[in-house]
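As a plain string of letters, each chain reads:
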Amino acid sequence: MKPVLKSMTPRTIDPLVRFRDRLSLPLIAAPMFLVSGVELVAAACRHGVIGAFPTVNCRSCDELDVWLTEIEGRLHTSSDALGKPAAPVCPNLIVHRSNARLSEDLQVVLRHGCEIVITSVGSPQPVVRPLHDSGALVFADVASVRHAERAIEAGSDGLVLLTAGAGGQTGWLNPFAFVRAVRAFFEGPIVLAGGVSDGRALRAAEVLGCDLAYMGTKFIATRESMADPRYKAMLVESSADDILLTSAFTGLQTNMLRPSIAAAGLDPDNLPPRGAIDIGKDIDVAAREQRPNRWRDIWSAGHSASGVTDVPMVADLIARTIGEPGKHGRPVNAPLTTPPRQSALEARARRRCGKVAGLDRWGWLMDFTTRFKKTPATLDEIRIRVTHALRRHPLCRDVQFDVVSTPRTARGRNWTVSLRSIESRGLWEASDIVGDIQDAYELSAVA
Ligand SMILES: Cc1cc2nc3c(=O)[nH]c(=O)nc-3n(C[C@H](O)[C@H](O)[C@H](O)COP(=O)(O)O)c2cc1C
């Protein structure tokens with residue numbers, strides 16, 4: 001049976017509102033076993049990207065305490081210097097029953113008052129209540145629609161959708177299909193995980209209906225990551241074709257770098273099957289280090305390996321991602337309300353008119369017609385566009401609204417926004433933003 005639309009979390013229309021203005025990009029530096037450490041997390045947060053790390057990257061809960069204290073100290077100093085608070089630090093709790101340290105790590109995370117926590121490999125249910133009581137948001141990573149429903153039932157504030165091509169233990173669903181399937185019944189924050197390697201892909205994730213995206217593989221190849229330099233170099237040399245999906249190493253479907261398997265003397269196309277899943281061993285840093293070298297040097301990455309061309313500083317990767325789409329189109333944070341482009345036919349007609357002296361005005365008229373042609377959209381699509389556009393304005397981030405269908409007006413409008421709550425300072429800006437979207441989109445006949 002298809003799930004029905006769940007209401008938003010009662011606390012606020014947008015749970016991310018509390019730290020949205022501290023983000024330079026709608027991005028999380030993904031938690032990665034043996035890769036994300038103090039340097040990477042602190043650099044990401046300092047430059048406006050949520051910095052996530054698996055708590056099991058620390059050898060003990062005492063070390064976790066040390067890491068969090070160190071990261072907080074660095075961010076405190078840098079936000080004092082820059083006058084801008086850093087993006088949140090986001091511990092990742094492995095909630096699988098074989099993680100013997102879960103409850104101790106949870107206590108450390110609670111003591112540090114972390115603002116957001118991501119749960120992996122299981123239901124977030126055991127940790128949701130204490131984390132909510134401490135004021136943290138809980139995002140659960142999920143790989144199927146059923147998992148998504150369960151995570152919402154367990155009280156998750158947001159979902160990380162693991163999709164095909166992600167680095168590490170990957171999802172298998174197509175990102176377009178998965179995001180749209182979950183958006184049909186969940187209005188809270190969605191994070192896309194898998195294949196996001198630049199600003200363009202990040203923008204595509206937003207258009208698809210996501211609030212944030214993970215970037216994992218790209219952050220492996222940064223100077224601050226804990227990855228072996230040979231791993232980083234291999235990523236620079238590799239493309240998506242070098243990624244092998246296999247359960248041979250962890251017992252779960254994992255994307256691995258083929259060249260690293262070959263370098264360990266194994267045939268990537270003839271790997272032995274792996275027995276029972278034992279995540280407990282996989283997440284034990286000390287146990288990993290005792291493995292023979294050839295096993296330690298078999299590395300994971302996602303399809304976005306093609307996007308890794310060098311090993312920059314985290315700050316440079318983030319700056320590049322912010323500017324990237326500018327070369328070809330709009331920057332990542334530009335509004336979604338640009339009118340539709342001219343069709344090829346209209347462009348050709350316009351060129352022809354332009355050649356005849358005195359007919360330039362026809363060209364202008366053609367442009368005028370094109371500009372005011374609206375794009376048909378459903379109520380749901382319009383609501384997502386309005387949400388995104390309002391969120392980009394500092395005075396309109398908290399606006400609560402409904403999109404309602406109305407009889408067509410003389411200006412061709414057939415939908416409007418009914419405001420539920422808005423700060424008075426943001427009223428004019430909000431109506432301008434909504435007006436722009438009304439000029440660009442009309443309710444489609446089927447909506
Ligand atoms: C080396 C490696 C280790 C990972 N370890 C974890 C982990 O400990 N916890 C987790 O939730 N996800 C883990 N992941 C998955 C990432 O958080 C993320 O889902 C993935 O990297 C996103 O896809 P991308 O690499 O295409 O950006 C890991 C991924 C990689 C490549």
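Throughout this document, residue positions are counted from 1 along each chain, in the order its sequence is written. Local features in this predicted model are restricted to residues whose pLDDT is 70 or higher, and side-chain atom pairs enter the listing and the counts only when it is 80 or higher, whereas totals over whole chains, interfaces and linings include all residues.

As a further point, take the overall build of the protein. Across its full length, the protein carries 18 helices and 15 strands. Working definition of a contact: two residues with C-beta atoms, positioned from the backbone, lying within 7 Å. Residue pairs in contact within the protein that sit at least 24 positions apart in sequence constitute 66% of those at least 6 positions apart. Secondary structure is summarised from DSSP: a helix means a run of H or I of at least four residues, a strand means a run of E of at least two, and numbering begins at the N terminus for each.

Leaving glycine aside, a negative phi is the common case for residues, and trans is the common case for peptide bonds. Positioned with a positive phi, Leu34 is a non-glycine residue whose angle comes to about 65°. When you line up the elements, Leu34 lands in the loop between strand E1 (27-29) and helix H1 (38-46). Whether a residue is buried, exposed or partly exposed is read from the other C-beta atoms within 10 Å of its own C-beta, which are placed from the backbone; 20 or more gives buried, 12 or fewer gives exposed, and intermediate counts give partly exposed. Leu34 sits in the buried class, given 21 other C-beta atoms within 10 Å.

All right, on to the site of the ligand then. A molecule or strand has a residue near it when that residue's C-beta atom, placed from backbone coordinates, lies within 6 Å of it. Surrounding the ligand, one finds 25 residues, the nearest of these being Ala30, Gly167, Gly168, Gly216 and Gly302. Grouping the amino acids of the shell around the ligand by side-chain chemistry returns 13 nonpolar, 11 polar and one charged. Each residue is assigned to one class: nonpolar for Ala, Val, Leu, Ile, Met, Phe, Trp, Tyr, Cys and Pro, charged for Asp, Glu, Lys and Arg, and polar for all the others, Gly among them.

Next up on the list: the nonpolar core. Side chains of a nonpolar character, in soluble globular proteins, are inclined to be buried together. We define the nonpolar core as any set of buried residues of the types Ala, Val, Leu, Ile, Met, Phe, Trp, Tyr and Cys, connected via C-beta atoms lying within 7 Å of each other. Membership of the largest hydrophobic core comes to 96 residues, with the highest contact counts inside it found for Ile28, Leu159, Val160, Leu161, Val191, Leu192 and Ala213. By residue number, the principal contributor to this core is H1, which donates seven residues. Counting residues in hydrophobic clusters, the runner-up holds 16 residues, among them Phe401, Trp415, Ile437 and Ala440.

In contact at an axis separation of 10 Å, helix H17 (residues 379-391) and helix H18 (residues 427-440) are set at 140° when each is read in the N-to-C sense. It follows that H17 is oblique to H18 by the angle criterion. Where H17 crosses over H18, the two elements pack in a sense that is right-handed. Only Ala430, Ile433, Val434 and Ile437 of H18 make contact with H17, whose side of the interface consists of Ile382, Arg385, Val386, Ala389 and Leu390. Among the residues forming the contact of H17 with H18, the class breakdown is eight nonpolar, no polar and one charged. Interaxial angle, 0 to 180 degrees, is taken between N-to-C directions of lines fitted to C-alpha atoms, where a helix line uses only the stretch in contact. Angular relationships are summarised with four words: roughly parallel below 35 degrees, roughly antiparallel beyond 145, roughly perpendicular across 65 to 115, and oblique for the angles in between. The handedness criterion is simple: a crossing whose near helix is rotated anticlockwise from the far helix by less than a right angle is left-handed, and one whose near helix is rotated clockwise is right-handed.

Bringing the sheet that holds strand E5 (residues 137-142) into the picture now. The pairing criterion is simple: DSSP has to find at least two bridges between the two strands. As summarised here, the arrangement of the eight strands in space is E1-E2-E3-E4-E5-E6-E8-E9, forming a closed barrel in which the pairing is parallel. Averaged over neighbouring strand pairs, the angle between their axes works out to 25° when direction is ignored. Of the strands in this sheet, strand E3 (89-94), strand E4 (116-120) and E5 are in contact with helix H4 (residues 125-133), which crosses E5 at around 155°.

Another point: H17. Helix length check: H17, at 13 residues, gives a terminal C-alpha distance of 18 Å against a target of 18 Å (1.5 Å per residue), a fit within 8%. Within the sequence span of H17, burial applies to Ile382, Ile384, Arg385, Val386, Leu390 and Arg391. Where H17 is buried, its residues meet strand E12 (375-377), strand E13 (400-405), strand E14 (415-421), H18 and strand E15 (441-443). Every helix has an expected span of 1.5 Å times one less than the residues it contains.

Turning to the confidence of the model for the protein, a few remarks are in order. Mean pLDDT over the protein stands at 83; residues scoring 70 or higher make up 80%. For every residue, the predictor states its confidence as a pLDDT score lying anywhere from 0 to 100. Predicted confidence for residues 7-12 stays below pLDDT 50, and this span has seven contacts to residues more than four positions away or in other chains. Throughout residues 354-371 the model reports pLDDT below 50, and contacts reaching past four residues in sequence, or to other chains, amount to 13 contacts.

Attention shifts here to the sheet that holds strand E11 (residues 254-257). Through backbone hydrogen bonds, the strands of a sheet pair up, either in parallel or in antiparallel fashion. An order of E7-E11-E10 is seen for the three strands of this open sheet, with the pairing classed as antiparallel. Two strands lie at the open edges of the sheet, namely strand E7 (168-169) and strand E10 (243-246), each paired on one side alone. Pairing between E10 and E11: four bridges, direction antiparallel. Looking across to E11, one finds that Ile243 is bridged to Leu257.

Tracing the backbone shows Gly158 in strand E6 (residues 158-162). C-beta crowding within 10 Å serves as the criterion here: with 22 such atoms nearby, Gly158 is assigned to the buried category. For the pair Gly158 and Pro15, spaced 143 residues apart in the sequence, the C-alpha separation amounts to 8.4 Å. Dropping the residues within four chain positions of it, Gly158 is found in contact with Pro15, Leu137, Phe139, Gly188, Pro189, Ile190 and Val191.

With that settled, the discussion passes to the pairing of E4. Extensive coverage of E4 is indicated by the burial of five of its five residues. Burial along E4 is two-sided: Ile116, Ile118 and Ser120 and Val117 and Thr119, pointing in opposite directions, are all buried. Across three bridges, E3 lies against E4 in parallel orientation. Each bridged residue has a counterpart across the sheet, and for Asn92 the counterpart in E4 is Ile118. The path from the first strand over the helix to the second decides the hand: if it runs clockwise while the strands point away from the viewer, the crossover is right-handed. For the handedness criterion, the β-α-β arrangement of E3, helix H3 (residues 102-111) and E4 is classed as right-handed. One crossover worth recording links E4 to the parallel E5 by way of H4, and it is right-handed.

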